[in-house]
Amino acid sequence: MMHEADTITQDDPTRALPHALGMEKSLLSSMLQDPQEWIPAAMEERLTAAHFYVPAHAQLFDILADGYARGEDIELVALTQRLLDRGLLDRIGGPAALTDLYTYAPSPGSFRGHARTVREKFTLREIIRISGEAVAAAYEAPEEAAQLLDTTEAAILAIREAGESTREQSTREAVGEVAAEMERIITGESDGRGIATGFDVLDDMTRGLQPGNMFVIAARPSMGKTALMLNIVEHIAIDRGEPALVFSCEMGRQELVKRILHARARMPAKNIRPGSMPTKAELQRLHRASQEIAAAPLWIDDTEAITINALRAKARRRQRANGLALIAIDYLQLLRSTSRQAQSSREREISEISAGIKALAKELRVPIVVLAQLNRQPESRGGKGTPAGKPRMSDLRESGAIEQDADMIGLLYRSAYYAASDEEREAEAGRAELSLAKNRNGETGTIPLTFIDALARFESGAPVTAPPPPARKPDRFAHFHE
């Protein structure tokens, strides 16, 4: 009986694909003879029907696992009749094949070892399959080398991940996981939140950055997008000690580290210059901040004009090596796609990049904060009750795909930037807001922020203005004091 994987391109088509038929039969025999013991053991070993080389074995495994989950009797005679009634008996080779498996001399003590070997053989078959497809694609579309490399790498990494867990999940399992999470929330063991950003109102509205989500922070130039992103990265990587990876297409890593350092030490960069005399307290803050940054699990990649394929490859490797709690990208429109379709249209290129970022977030189960540039429309907006320069989600530059792919979109705005006079600029100094225009899993609204320009730092809440001093009452006896 030929397995469907036998159709794969191989160097020697006469060679059979890796398999372990005796161990497959031993596993199924144990599951038939003592289903209460060995079917759960198979689940614990993460066996699935896909791991079996012989299609009949895969079919029987599915039937046994499904019957056990339904609470059906796995006894041989009853099982044979049920398969006959459902028209499935012939698919596994008929009554003789079922009896042969039942009477096969299993080795219960070797069950888990056999399960591991069966999984390993499946892994080898998958490597052969993916390699064969890559070889064929390399011949057919040699100009798509970068795309093919990314696809092949993702497929190979998926094999590793499949060895640890399967992405396929029944609704029964999914409901169980959701119910368990609800119970943890009710009992106080969990608050159901993702990773905190350090901005309380934002965290309340979004319940934190959730795994697999794409959070776009968009604004016009000079609004402070990079500063806000770095504030979030600082909180997660330095304050919380969770690993974060930053891709900076605009600034070098030293410049980014310098900005984090000054913001964290609360010491303006202009205070470090030839002839300056920092105080002892300032030097202590700089030293402490430097140590905290150096010890943080934070990685910065400042490759210019990095392609989305290269970015995804680097993120996968970092996730595999260290695990990641957050990925941040500055910024989306500076990424590149090398696919043939992307070369014909900038909108198509941005669409591919946006979709690639969202796919990466889902693949790695990591939230991604990505900055995006807005078009010039806000510059001409204002008047009749509308603040000058106020952005809208439709201002996202070059592609509506960003709006579609993102789970959350925050529009950053600082009114002082559009002030018409020095007096107005002074009155609006420090005032900022992040308008959460899209939130797939929660509420939307405006989040007030304070921007400290000298530190390139955002803080929660609107600027606190000191109340004017109370008016003094006239002193009727002033002439006696003269």
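Thresholds, definitions, all that
Residues numbered from 1 in each chain as written. Predicted model: local features only at pLDDT ≥ 70, side-chain atom pairs only at ≥ 80, totals over all residues. Heavy atoms only, no water. Phe/Tyr/Trp six-rings, centres within 6.5 Å; stacked < 30°, edge-to-face > 60°. Buried < 20%, exposed > 50% of the residue type's maximum accessible area, 1.4 Å probe, protein only. Helix = DSSP H or I, 4+ residues; strand = E, 2+ residues; numbered from the N terminus. Pairing = 2+ DSSP bridges. Axes fitted to C-alpha atoms, helices over the stretch in contact; angles between N-to-C directions. Contact = heavy atoms within 4.5 Å. Salt bridge = Lys/Arg side-chain N within 4 Å of Asp/Glu carboxyl O. Parallel < 35°, antiparallel > 145°, perpendicular 65-115°, else oblique.

### Notes on the packing of aromatic side chains
Item 1. All chains considered together, the criterion is met by 5 aromatic pairs.
Item 2. When the centroid spacing of 5.1 Å and the interplanar angle of 80° are considered together, the rings of Tyr-417 and Tyr-418 count as edge-to-face.
Item 3. The class for Tyr-417 is partly exposed, based on a relative accessible area of 40%.
Item 4. Considering the side-chain rings of Phe-451 and Phe-458, the 4.7 Å spacing of their centres and the 45° angle between planes classify their relative orientation as tilted. Per residue, the accessibility class of Phe-451 equals that of Phe-458, and both read buried.
Item 5. Ring pairing ties together the aromatic residues Tyr-413, Tyr-417 and Tyr-418, which thus form one cluster.

### Description of the environment of Gly-94
Item 1. Turning to its location among the elements, Gly-94 is positioned in helix H5 (residues 94-103).
Item 2. Overall, Gly-94 belongs to the buried group, its relative accessible area being 6%.
Item 3. Linking Gly-94 and Leu-84, residues 10 residues apart in sequence, is a C-alpha distance of 8.9 Å.

### Notes on the sheet that holds strand E1 (residues 214-219)
Item 1. Read across the open sheet, the 9 strands follow the order E3-E2-E4-E5-E1-E6-E7-E8-E9; overall the sheet is mixed. Here the strands that pair on one side only, and so sit at the sheet edges, are strand E3 (298-301) and strand E9 (457-460). The sheet shows a mean angle of 25° between the axes of neighbouring strands, direction not considered.
Item 2. Pairing between strand E4 (residues 326-330) and strand E5 (residues 368-373): 3 bridges, direction parallel. Residue pairing for E5: Ala-328 is matched across the bridge by Val-369.
Item 3. Along the sheet, helix H13 (residues 308-322) makes contact with strand E2 (244-248), E3 and E4, crossing E2 at roughly 160°.
Item 4. Against the sheet, helix H14 (residues 346-364) touches E1, E4 and E5, its axis set at about 170° to E5.

### Some thoughts on the pattern of salt bridges
Item 1. On inspection of all chains with the given rule, the structure shows 18 salt bridges.
Item 2. Notably, a salt bridge pairs Lys-390 with Glu-433, separated by 2.4 Å at the nearest N-O pair. Taken together, the residues span a long stretch of sequence, with Lys-390 in the loop between E5 and helix H15 (401-405) and Glu-433 in strand E7 (residues 431-439) at a distance of 43 residues.
Item 3. Given the relative accessible area of 24%, Lys-390 is considered partly exposed.
Item 4. Its salt-bridge partner being Asp-407, residue Arg-440 comes within 3.0 Å of it at the nearest N-O pair. With Arg-440 in the loop between E7 and strand E8 (445-452) and Asp-407 in the loop between H15 and strand E6 (408-413), this pair connects stretches of sequence that are 33 residues apart.
Item 5. What emerges from the salt-bridge pattern is a single network uniting Glu-234, Asp-239, Arg-264, Glu-292 and Arg-457.

### A look at the packing of helix H1 (residues 21-33) against H5
Item 1. Packing of H1 against H5 brings their axes to within 7 Å, and their N-to-C directions diverge by 90°. Between H1 and H5, the angle falls in the class roughly perpendicular. Counted together, Lys-25, Leu-28, Ser-29, Leu-32 and Gln-33 of H1 and Leu-98, Asp-100, Leu-101 and Tyr-102 of H5 form the full contact between these two elements.

### Re the side chain of His-114
Item 1. Mapping His-114 onto the fold places it in helix H6 (residues 111-140).
Item 2. Given the relative accessible area of 14%, His-114 is considered buried.
Item 3. Discounting chain neighbours no more than four positions away, the residues touching His-114 are Met-23, Ser-26, Leu-27 and Ser-107.

### Brief notes about unusual backbone geometry
Item 1. A cis amide bond links Asp-330 to the next residue, Tyr-331, at an omega of -5°.
Item 2. By the element assignment, Tyr-331 lies in the loop between E4 and H14.
Item 3. A positive phi angle, near 70°, is found at Ser-222, a position not held by glycine.
Item 4. Locating Ser-222 in the fold gives a position in the loop between E1 and helix H10 (225-239).
Item 5. Despite not being glycine, Ala-305 shows a phi value in the positive range, around 50°.
Item 6. Mapped onto the secondary structure, Ala-305 falls in the loop between E3 and H13.
Item 7. Residue Ala-305 is classed as partly exposed on the basis of its relative accessible area of 47%.

### Thoughts on the pairing of E1
Item 1. Across the 6 residues that make up E1, a large majority, 6, are buried.
Item 2. Burial along E1 is two-sided: Met-214, Val-216 and Ala-218 and Phe-215, Ile-217 and Ala-219, pointing in opposite directions, are all buried.
Item 3. Sheet topology places E1 next to E5; 6 bridges connect them, and they run parallel. When the sheet's bridge partners are listed, Val-216 is paired in E5 with Val-370.
Item 4. Here 4 bridges tie E1 to E6, and the two strands are oriented parallel to one another. Considered in E6, the bridge of Phe-215 is made with Met-408.

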